[in-house]
Amino acid sequence: MIIQSEYQDLNTANGPMRTYLYRPQAQGKFPGVLFYSEIFQHTAPIQRAAMFLAGHGFVVAVPEIFHELNPIGTVLAYDKAGTDKGNSDKISKTLESYDEDAQVGISFLKNHPACSGTIGTIGICIGGHLAFRAAMNSDIQAAACFYATDIHKRSLAKGQNDNSLARISDIKGELLMIWGKQDPHIPQEGRALIYRALTEASTNFTWHEFNAQHAFIRDEGHRYDPELTAVCWQLVLRLFTRRLCLDTGQTEVSASGDGCC
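Residues numbered from 1 in each chain as written. Predicted model: local features only at pLDDT ≥ 70, side-chain atom pairs only at ≥ 80, totals over all residues. Heavy atoms only, no water.

**Let's talk about the overall build of the protein chain**
Right, so step 1: Across its full length, the protein chain carries 6 helices and 8 strands.
Right, so step 2: When the helices and strands of the protein chain are listed from N to C terminus, the series reads β-β-β-α-β-α-α-β-α-β-β-α-β-α.
Right, so step 3: Taking 261 residues into account, the globule formula puts the C-alpha radius of gyration at 18 Å, and the protein chain, at 17 Å, falls close to it.
Right, so step 4: When its C-alpha atoms are laid out on the principal axes, the protein chain stretches across 50 × 40 × 35 Å. (Helix = DSSP H or I, 4+ residues; strand = E, 2+ residues; numbered from the N terminus. Rg over C-alpha atoms; globule rule 2.2 N^0.38 Å.)

**Topic: the packing of aromatic side chains**
What describes a pair of aromatic rings is the distance from one ring centre to the other and the angle between the planes of the rings.
Right, so step 1: Under the criterion given, the structure shown has 12 aromatic pairs.
Right, so step 2: Taking the centre distance of 5.2 Å and the plane angle of 40 degrees together, the rings of Trp 179 and Trp 207 count as tilted. With Trp 179 in strand β7 (residues 174–180) and Trp 207 in strand β8 (residues 205–210), this residue pair connects regions lying 28 residues apart in the sequence.
Right, so step 3: Taking the relative accessible area as the measure of exposure, Trp 179 reaches 0% and is therefore buried.
Right, so step 4: Accessibility expressed as a relative area gives 18% for Trp 207, which makes it buried.
Right, so step 5: Taken together, a centroid distance of 5.1 Å and an interplanar angle of 90 degrees make the contact between Tyr 195 and Trp 207 edge-to-face. Of this pair, Tyr 195 sits in helix α5 (residues 188–200) while Trp 207 sits in strand β8, and the two are 12 residues apart along the sequence.
Right, so step 6: Aromatic ring contacts, followed pair by pair, group Phe 52, Phe 146, Tyr 147, Phe 210, Phe 216 and Trp 233 into a single cluster. (Phe/Tyr/Trp six-rings, centres within 6.5 Å; stacked < 30°, edge-to-face > 60°. Buried < 20%, exposed > 50% of the residue type's maximum accessible area, 1.4 Å probe, protein only.)

**Here we look at the pattern of salt bridges**
Right, so step 1: This structure, assessed with the given rule, holds 18 salt bridges.
Right, so step 2: Taking the shortest distance from any N to any O, the salt bridge between Lys 93 and Asp 101 comes out at 2.5 Å. One exposure class covers both Lys 93 and Asp 101, and it is buried.
Right, so step 3: The salt bridge partner of Glu 209 is Arg 191, with a shortest N-O separation of 3.2 Å. (Salt bridge = Lys/Arg side-chain N within 4 Å of Asp/Glu carboxyl O.)

**Let's talk about the side chain of Thr 149**
Right, so step 1: Assignment of secondary structure puts Thr 149 in the loop between β6 (140–146) and β7.
Right, so step 2: Within polar-contact distance, the side chain of Thr 149 engages the backbone nitrogen of Ile 126 at 3.4 Å. (Polar contact = N/O pair within 3.5 Å; in protein donor to acceptor, adjacent residues only side chain to side chain.)

**Considering unusual backbone geometry**
Right, so step 1: Of note, Cys 125 is a non-glycine position whose phi angle comes to about 65 degrees, a positive value.
Right, so step 2: By secondary structure assignment, the location of Cys 125 is in the loop between β5 (115–124) and α4 (126–134).
Right, so step 3: Judged by relative accessible area, Cys 125 falls into the buried class, the value being 12%.
Right, so step 4: A positive phi is found at Arg 154, a non-glycine position, where the angle reads about 55 degrees.
Right, so step 5: Relative to the helices and strands, Arg 154 resides in the loop between β6 and β7.

**With respect to the pairing of strand β3 (residues 30–36)**
Right, so step 1: For β3, a buried count of 7 out of 7 residues is recorded, marking the element as mostly surrounded by other parts of the structure.
Right, so step 2: Pairing geometry for β3 and β5, over 6 bridges, is parallel. Paired with Gly 32 across the bridge in β5 is Ile 119.
Right, so step 3: Sheet analysis places β3 next to strand β4 (residues 59–63), joined by 3 bridges and oriented parallel. Residue pairing in the sheet places Val 33 in a bridge with Val 60 of β4. (Pairing = 2+ DSSP bridges.)

**Brief notes about the nonpolar core**
Right, so step 1: Grouped together as the largest cluster of nonpolar side chains are 85 residues, with contacts concentrated most on Phe 35, Leu 53, Val 60, Ile 122, Phe 132 and Phe 240.
Right, so step 2: Per-element accounting of this core gives the leading share, 10 residues, to helix α6 (residues 226–245).
Right, so step 3: Among residues more than four places away in sequence, those in contact with Ile 122 are Val 33, Leu 34, Phe 35, Tyr 36, Leu 53, Ala 131, Ala 144, Phe 146, Trp 233, Val 236 and Phe 240. (Core = buried A, V, L, I, M, F, W, Y, C linked by side-chain atoms within 4.5 Å. Contact = heavy atoms within 4.5 Å.)

**Regarding the packing of helix α1 (residues 44–55) against α6**
Right, so step 1: Between α1 and α6, the least distance of the axes is 11 Å, while the angle of their chain directions is 45 degrees. Judged by the inter-axis angle, α1 sits oblique to α6. The handedness of the crossing between α1 and α6 comes out as right-handed. Where α1 approaches α6, its residues Ala 49, Phe 52 and Leu 53 are matched on the opposing element by Trp 233, Val 236, Leu 237 and Phe 240. (Axes fitted to C-alpha atoms, helices over the stretch in contact; angles between N-to-C directions. Parallel < 35°, antiparallel > 145°, perpendicular 65-115°, else oblique. Left-handed = near helix turned anticlockwise from the far one by under 90°.)

**Section: the pairing of β5**
Right, so step 1: Counted residue by residue, β5 has 8 buried out of 10 residues, so it is predominantly covered.
Right, so step 2: Bridging between β5 and β6 involves 6 bridges; their strand directions are parallel. When the sheet's bridge partners are listed, Gly 120 is paired in β6 with Ala 142.
Right, so step 3: With respect to chirality, the unit in which β5 leads through α4 into the neighbouring parallel β6 is right-handed. (Right-handed = clockwise from strand over helix to strand, strands pointing away.)

Here's what the structure looks like:
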């Protein structure tokens, strides 16, 4: 499926949020996906991943997660300076701002003329945590979270005392949780804590742990694992197809472009 890209600056209480949009070029309406990046924002690997999803029949919005802390268009490098800046930004932004950004992004997708109105979310690293929190909105029917950082430590945002674990019962859609066993940022005991909390809350989720390091789906750098990445993208597509397409009767792309997958 051929895609097209554009961007829009969405209004938030903390200034404009540059949001990159990737969607099928075909006419019609498609499910929306709110895509959260790593701390480095809209990098080339994130762009390629968003285009991959759009090419499978989704309207994909990628917001700049630290928009109020940096000039519009800021992309941090995959180096120590970029990592340090991203980690600083992560705990300089308030939890309320993260949550408002999610609501703004969801509203943008729901009202976009190319979107069918069914919405999912996906995120990587901090983005996995932000997708987890976005799923607390009733509009989110499916969420795919790749090695979501800081949930087990309750350390997202300013003050480093988030309530993501305490709000698990607010998640009504289906979760896909993906982890690397060799990821030092989310050790086994941290993953076990999250698993227990999801189970005790009777959350609808699937759980996958792979022999992989942090950032194993990023197609740049020495930790990239192409084989596992392909497996994981199939899991994501199956989830989004089932919850965002099949649940609404949109099982395939028609001649006019309606539907997905």
